[in-house]
Structure formats: C-alpha cells, structure tokens
Amino acid sequence: MPELPVRAIQVLADAHPKPSHLYFQYGTAGFRTLGSTLDSVLFRVGILAGLRSKRLDGRTIGVMVTASHNPEQDNGVKLVDPRGEMLEASWEVHATALANAPSTDAFIEAVSALVQSARIDLSKPARVVYARDTRPSGPALISALEDGFKALGVEARDAGVTTTPILHYLVKAINTKGTNESYGDDSEDGYYTKLSASFKKLIAGKATPDTVVIDCANGVGAIAAKNLQAYLGTSIPLVLENTDTTSRGKLNDSCGADYVKTMQRLPPNLVDVMKPGQRACSLDGDADRLMYYYLDERGQFHMLDGDKIAALVAAFIVEQVKLAGLESEIKVGVVQTAYANGASTKYLEERLPVKCVSTGVKHLHHAAEHYSIGVYFEANGHGTVLFSPATQEILTKHEPSTPAQSTALNHLINLTQLINQTVGDALSDMLLVEVVLAHKSYSGVEWNSLYADLPNRLVKVVVGDRNAFKTEDAERRLVNPPGLQEKIHELVRRYEGGRSFVRPSGTEDVVRVYAEAVLRAQADELAFRVAGLVYDEAGGDPAKRPKEFI
Ligand code: 16G
Ligand code: MG
C-alpha cells in the first residue's frame, strides 16, 4: 500500500502557508474571497482534487479558478465531479477542513485523516483538468494549484483560460471518452463544434435571427463568444460588447448579467449601442449566467431573466415532446427557487409540474434529474435543461409515424446536443433562446408577454451572525430566530399579492430579503419593512439602522 508523499507535501506546503487570521469556507460557489488571500487554499485544493480522483478510481476531476460575477479583486476555486457536476456535498466539509488546517503539520494530519476516513486507495492514479477565468490574480493562484498537483503526483491537464461551462464540458467529455455515452470531443474545438452544429440544424429553414448584442462582462466569456462566433458563421449575427479582458478594473464593472439583474437596467455603455426593438444579453464573469433584455419602441428597458428563459424553453420542449408523439413517455418538469417571480411560477404551474428547491445550482440540478426532461433556471440567469439517460435512449430508439413526428424528434435530439447538460452555460443558453424565438417567430416583445413579472425587490441586511438565520421549506420559511417568521407573515398579509422570504446568503456575509407585490411601491415597502424586522431582530445598532427600513 503506497503512503502519502509526506516529504514532498511538506516542502511545498511550507511555500504556501495559511494566513493565520483567516477562515475559509467551501460554500455554494466553492471557496470565494479576495484573490490575494487564496494562495494556500489553491495549493491545498490541488491535493484535494487529486485525492478525490484517486477515490473515484482515477476518473478526472475538474478545478475551476474563478469568482464569477464578483468584483475583479476577488477570486475563487471550485471542484467539478467526473460527470461534470458540482462536487459531492460530503466533500465540501473535507475541503473546508483541509483549507483551515493552521500549519503544514496540521494539514498533513488532515490529509491523512481524509485518506483514512474516505478509504482512499493511494495506489490509484490522480487525474485533474483545470482552468481559470481572466482575473489578474489567476496566474499566481494557478501556480499554487500546480504545486498541489506536484506534491501529490497528479496527472494534470491545463485547459488554460476558459469559461466555467467549458471546463465542466471538458470534464464530462474526458470521462466519457470512448464509451457509448461519449459527450463529445474533449477539446474546446469539440465544444464549439457540438454547439454550432446542433444550432445550425435547429434553425435550418427558419428566418435568420436578428442581430443579438452580447455584453461579455469584460470577462472570459468574451474570448469564448468570439471563438463561438467563428464556428457559427453567418447562422446568427452577433455583436460582441464589453470584450476588454486585459485592462484592469473592467471585469464585471457596470456590466454583466449580475449588474443587469440587480440594477434592472442596461449596462451604461450599451445605451448608445442598442436600437429600439433590439435584443441583447449579458453574460457574467465566467459565462455561466445569462440575462436577456430589449428596448421597446419608446426606448424603455425590459428584462428577460432566468424565469422568463425557463418559461420560454419549457413551453417549447413540452410542445416538441407532444409533436413527437412522446407525451406519455416523457415527463417534462421545471425546477425553480424561492426567488422565481410569482408570476412565472403561476404561468409554469398551469402547464407542467414545478418544484421549488433551495438556492444554489447543486439543489436545482439534482431536483431536475428526477424528471425525464428537467428544466431548471434561477432567476439570476443560471440554468440548463437535463435529459435523463432513459429519455435520451427513447429519443434515439423511437420510430416516428409521421413526418411531423420525425421533425419534432430530430429537434429534441438536436436540443440534447445544443444544451450543456453539465451546468448552466450562458452561450449554450443564448443559442437555445434564439432557437426557440426563431421557431415561434417571437421578438423580445412576444417573449416578454408570456406573463407579466410581479414587481419585486431584493434587499441585503448586514447582521452580526447570519448563521443565526435558519430556513425550511426550500428557504421560504424562517425557523430561527424564533418568532420572526410570524412577524413577517403578519406583514405580508397586508399587501396585495404579497410574498416575502428571508435567507442567509451563501456567498456574502449578509442576510437577503426578497419581496414581491402587485404594485411596485408595495413591493419596495414590504421588502424594506421585512428588512427592518430582520435588522432589529439580529441586534443591529439602532443608531445605524438604515432609514429606508421603515
Ligand atoms: C452562487 C450559486 C448560485 C446562487 C448564488 C446565491 C452555484 C454555481 N452558484 O453563485 O446558484 O444563486 O450563489 O448567492 O451554485 P447567495 O447565497 O449569496 O444569495
Ligand atoms: Mg458565474
């Protein structure tokens, strides 16, 4: 039985000491904080990823270095499991334990304990594929990660600077290579070819889509969008904006999907670019979120968020399943979180099964796996569509009995190729949206009118200890602090169409309050009043109480 290469780990670990005053937590988005503090974390993640691979018999694990939509000075790292999915939840605890061991000796002890408790066979190979986004802190963090690989003897493949969804694609493609479940060629070329070829098939015979403006958030999505554009050729005219990935301070600055969703307005530098009636979309800093919008004839901004994408896509898939004559065999369902606009939930529930789960991709993804075709989107624009293995088999084996059935069946098969089934993917989702719009002959206006969003408001409250807030029922009800939920409920009752919930953030040290109501002013008032309750309950200093917390 081989032993841990303690000496090699020791020497390299000493070169990446843990800052003594910091505590790191592997949360919904992996480790994420100021890039300059993450050196030891990256080294240790290198070792952790290797151990995870050994545990899974040498299957390839992914490591993505990114902080997504966060400001440029932040960075982060997350692990990707062999099927291209988020790291299994039980290993989040191991990640946190390894990251916080105070010294090299304590770290080696923690690694040994993990090897024992997870029964890791050290004689197995360790294989990892890794990538980073465009953040300036990326190269140094990657070299810390590579030291981790070196210490454990990991066979590591550098995927360079690329998007989070492409890294997930690579992981799945590598692990399914040569099997009958092969996901595609394990290269960026394989990814672009797969997306562009299926897109072209899906829009064949339809009018070429109008020009779409893509706000690339000055991030890695700009590089990927440019590559994709070359593969797409003339099938769809794209105009790429916010593509400056080299000037400091530009990443996610007044642009990108998160900016659009939270500010509910155009990125300022698109104001002069967009013409009335024109569609545009924003990617986030690692290109796994997508936010659509358009300006109407009067120049008014209209946002088409993750909920609107879910409504558009789910209705289209249901229609194609019916047309293919597969209604009784294939059940389509939708997964949302409590942040889904109430109007979207109502629209979807009238048409198909809808499930609400806790925030975070892993929860949505797992719930979506329970349907034959599971559509999941968070309101913030992260989402995808999962086709179960049984459904994929039905699609390949089904014998259509009419030309119309055959056409719909082919559309569904091509959708399984177009859609990134490992994780939300802004570029794949953008092409998916354009396919549906082309098939329905919808402009942004018709798409937007599927249902009218209820006015809503999201407020952050800074509290002493966000961990004092505990929720149940997919975060829709607070169980701690005791008595607070009753007070919220009492308030909500007074607002027409009122709904509000409170949950601790998984990525920031705050508590989030969401509220919606039939009228804009009422949604705002409800959000601020609930925020006031939270602030008072959490022991906020009365002198510092924000004045809008009525
Ligand atoms: C992370 C999650 C996203 C979630 C957000 C919530 C992943 C890959 N990303 O970005 O799904 O919506 O966190 O943030 O799981 P919050 O907990 O701060 O509200
Ligand atoms: Mg992201």
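Residues numbered from 1 in each chain as written. Chains lettered and ligands numbered in written order. Predicted model: local features only at pLDDT ≥ 70, side-chain atom pairs only at ≥ 80, totals over all residues. Heavy atoms only, no water.

As recorded by an unreviewed UniProt entry, the chain carries the name Phosphoacetylglucosamine mutase and is attributed to Hypholoma sublateritium. Recorded in UniProt for the chain, the comment headed Sequence similarities (unreviewed entry) runs: "Belongs to the phosphohexose mutase family." UniProt, in the comment section headed Pathway (unreviewed entry), describes the chain in these words: "Nucleotide-sugar biosynthesis; UDP-N-acetyl-alpha-D-glucosamine biosynthesis; N-acetyl-alpha-D-glucosamine 1-phosphate from alpha-D-glucosamine 6-phosphate (route I): step 2/2." (UniProt positions renumbered as here; feature names shortened; annotations may be inferred.)

Draft legend 1. A look at the pairing of strand β17 (residues 477-480). When strand β16 (residues 470-472) meets β17, the two strands line up antiparallel, connected through three bridges. If you follow Lys470 over to β17, its bridge partner there is Asn480. (Pairing = 2+ DSSP bridges. Helix = DSSP H or I, 4+ residues; strand = E, 2+ residues; numbered from the N terminus.)

Draft legend 2. Representation of the pattern of salt bridges within the structure. Here the structure, examined in full by the defined rule, presents 35 salt bridges. Between Glu393 and Lys397 there is a salt bridge, with the nearest N and O atoms lying 2.8 Å from each other. Here Glu393 and its partner Lys397 are both found in helix α13 (residues 389-397), four residues apart, which amounts to about one turn of the helix. The exposure class of Lys397 is exposed, given its relative accessible area of 56%. Beyond isolated ion pairs, a larger network of salt bridges with shared partners links Glu472, Asp473, Arg476 and Arg477. (Salt bridge = Lys/Arg side-chain N within 4 Å of Asp/Glu carboxyl O. Buried < 20%, exposed > 50% of the residue type's maximum accessible area, 1.4 Å probe, protein only.)

Draft legend 3. Here's a closer look at the site of ligand 1. Lining the immediate environment of ligand 1, one finds 13 residues, of which Glu378, Ser505, Gly506, Thr507 and Arg512 sit closest. Contact between ligand 1 and Ser505: an oxygen atom at 2.5 Å from a side-chain N or O atom of the residue. When isolated, ligand 1 has an accessible area of 450 Å², and the protein chains bury 92% of it. Of the residues that constitute the shell around ligand 1, the class distribution is two nonpolar, seven polar and four charged. Viewed by domain, the shell around ligand 1 spans two of them, domain 3 (306-448) and domain 4 (456-549), each represented by three or more residues. (Near = heavy atom within 4 Å. Polar contact = N/O pair within 3.5 Å; in protein donor to acceptor, adjacent residues only side chain to side chain. Areas by Shrake-Rupley, 256 points an atom, 1.4 Å probe, with all protein chains shown as cover. Nonpolar A, V, L, I, M, F, W, Y, C, P; charged D, E, K, R; others polar. Domains from an automatic or database assignment.)

Draft legend 4. Broad picture of empty space enclosed by the protein. Applying the stated criterion to the full structure yields one cavity of 30 Å³ or more. Lining the largest cavity we find Tyr169, Tyr183, Tyr191, Lys194, Leu195, Gln417, Ile419 and Asn420. Residue composition of the lining of the largest cavity, by class: five nonpolar, two polar and one charged. Per-domain counts for the lining of the largest cavity show at least three residues from each of domain 2 (190-303) and domain 3 (306-448). (1 Å grid on protein atoms, 1.4 Å probe; cavity = no way out; pocket = protein on both sides within 12 Å on 5 of 7 lines; lining within 4 Å. Points joined across faces, edges and corners; volume = space filled by probe spheres on them.)

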